[in-house]
Amino acid sequence: MGNLLKVLTCTDLEQGPNFFLDFENAQPTESEKEIYNQVNVVLKDAEGILEDLQSYRGAGHEIREAIQHPADEKLQEKAWGAVVPLVGKLKTFYEFSQRLEAALRGLLGALTSTPYSPTQHLEREQALAKQFAEILHFTLRFDELKMTNPAIQNDFSYYRRTLSRMRINNVPAEGENEVNNELANRMSLFYAEATPMLKTLSDATTKFVSENKNLPIENTTDCLSTMASVCRVMLETPEYRSRFTNEETVSFCLRVMVGVIILYDHVHPVGAFAKTSKIDMKGCIKVLKDQPPNSVEGLLNALRYVYVRVHMYRKKICKKMLQNANITKNMSMYVHVRNMKISFCIISNPAFKYWLQYFYNKESMGGATQMKKAVSFLCQRFWLSFF
């Protein structure tokens, strides 16, 4: 109730949750139809992709037989014949991720454009907000299935090794026309990720922000934080939750909430876990923990993974900067971050320098002491944006 009162009494961009987002029945208005139809073409294939991924069994047996008997040509041909169509499926999954990326960027463009605020966009254009949510829902489901299926990477690794061996021996390869070397390299990077589809969306969101320099980054981050707040409030408010007619809508909202939190963490300069974040992380985690444990364990693990990765990356960056500071001469100014002495030369990083200047102007700071405080503040929080 405290979170709800806080949301209902807030102003400006934080008023987002003061409306019900109809994920079940939202229909496009005339102004939404162009973008809606473009995205709908992509989303129509999403369920089929998930079904194919769920039924993916791999060619583990054939590959093992071929490896154990390298001189047996029949077993080699059998393994290759089993792997090639599977790689064709993996190619379809990868190509769908590219289509999904383009669809997401189209939606972000519509939901963050001026003159409306992101909150107004989500309330007025609920059909587009629903599609945005469907993309996130699909993404988390895809990545959950991929993480539990090691056959995907095993099959693709065998395919690439065998293809390389065939080229060396000048043996014509049946599957090479379908997946050439350049495409295979891109696919390899895609499937090497623990959550490849989410990584694709994160990169797409970051690219959207960097390419639209005339659009304030806050428009994108506020869109994501508002969506997370909408999902959280709908789940924790009996009045809103009672309006769901389908039991699956609860799990849908949970997945969407986690998805936008992770996207927000990738895009926002201070991340989702900072105290200054516009996402109520404690409230979101409480909503997740109030659900049956078996139904949300994967979502909680996704947030744990992001949080742990953030802290590991922080330590790695700090260590590198310490090494750089050691070879820098005539440096007389240092700041302390988590008991580590870091040279002031870190502001040579262009991105860091930009945010330092932003912070300096915003707070009207001046003098060495105040500048140290600004740098210390950014050092503690800025690493989250280098995800």
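All of the points below concern the structure found in this document. Just so it is clear, the model here is predicted, and its values are computed rather than measured.

**With respect to the overall build of the protein chain**
When helices and strands are tallied, the protein chain shows 17 helices and two strands. Every one of the 387 residues in the protein chain was classed for burial, and the buried ones make up 49%. For the protein chain, the proportion of contacts with a sequence separation of at least 24, taken over those separated by at least 6, is 75%. Carbon and sulfur atoms make up 51% of the accessible area of the protein chain, which amounts to about 20,100 Å² in all.

**A closer look at the packing of helix 5 (residues 73-112) against helix 8 (residues 151-168)**
It is the contact of helix 5 with helix 8, at a shortest axis distance of 9 Å, that shows an interaxial angle of 120°. In terms of their interaxial angle, helix 5 and helix 8 are classed as oblique. Regarding helix 5 and helix 8, the two cross each other, and that crossing is left-handed. Contacts between helix 5 and helix 8 involve Gln-76, Ala-79, Trp-80, Val-83, Leu-86, Val-87 and Leu-90 from the former and Ile-152, Asp-155, Phe-156, Tyr-158, Tyr-159, Thr-162, Leu-163, Arg-165 and Met-166 from the latter.

**Description of the pattern of salt bridges**
Side chains that differ in charge, positive against negative, can pair when their charged atoms come close. Within this structure, the stated rule accounts for twelve salt bridges. Glu-144 is the partner of Arg-255 in a salt bridge, and the nearest nitrogen-oxygen pair spans 3.0 Å. Placement of the pair is Arg-255 in helix 13 (residues 248-267) and Glu-144 in helix 7 (residues 126-147), with a sequence separation of 111 residues. Judged by relative accessible area, Glu-144 falls into the partly exposed class, the value being 26%. Put simply, Glu-101, Arg-105 and Glu-211 are held in one network by salt bridges that share partners.

**Some thoughts on the packing of aromatic side chains**
The tally for this structure, following the rule as stated, stands at eleven aromatic pairs. Ring geometry for Phe-93 versus Phe-142: centroids 6.0 Å apart, planes at 85°, classification edge-to-face. On the criterion of sequence distance, the pair formed by Phe-93 in helix 5 and Phe-142 in helix 7 is long-range, its members being 49 residues apart. Accessibility expressed as a relative area gives 1% for Phe-93, which makes it buried. By relative accessible area, which is 0% here, Phe-142 ends up buried. Both rings, one in Phe-138 and one in Phe-142, keep their centres 5.9 Å apart while their planes meet at 40°; by these two values the pair is tilted.

Calculation criteria
- Residues numbered from 1 in each chain as written.
- Predicted model: local features only at pLDDT ≥ 70, side-chain atom pairs only at ≥ 80, totals over all residues.
- Heavy atoms only, no water.
- Helix = DSSP H or I, 4+ residues; strand = E, 2+ residues; numbered from the N terminus.
- Buried < 20%, exposed > 50% of the residue type's maximum accessible area, 1.4 Å probe, protein only.
- Contact = heavy atoms within 4.5 Å.
- Areas by Shrake-Rupley, 256 points an atom, 1.4 Å probe, with all protein chains shown as cover.
- Axes fitted to C-alpha atoms, helices over the stretch in contact; angles between N-to-C directions.
- Parallel < 35°, antiparallel > 145°, perpendicular 65-115°, else oblique.
- Left-handed = near helix turned anticlockwise from the far one by under 90°.
- Salt bridge = Lys/Arg side-chain N within 4 Å of Asp/Glu carboxyl O.
- Phe/Tyr/Trp six-rings, centres within 6.5 Å; stacked < 30°, edge-to-face > 60°.

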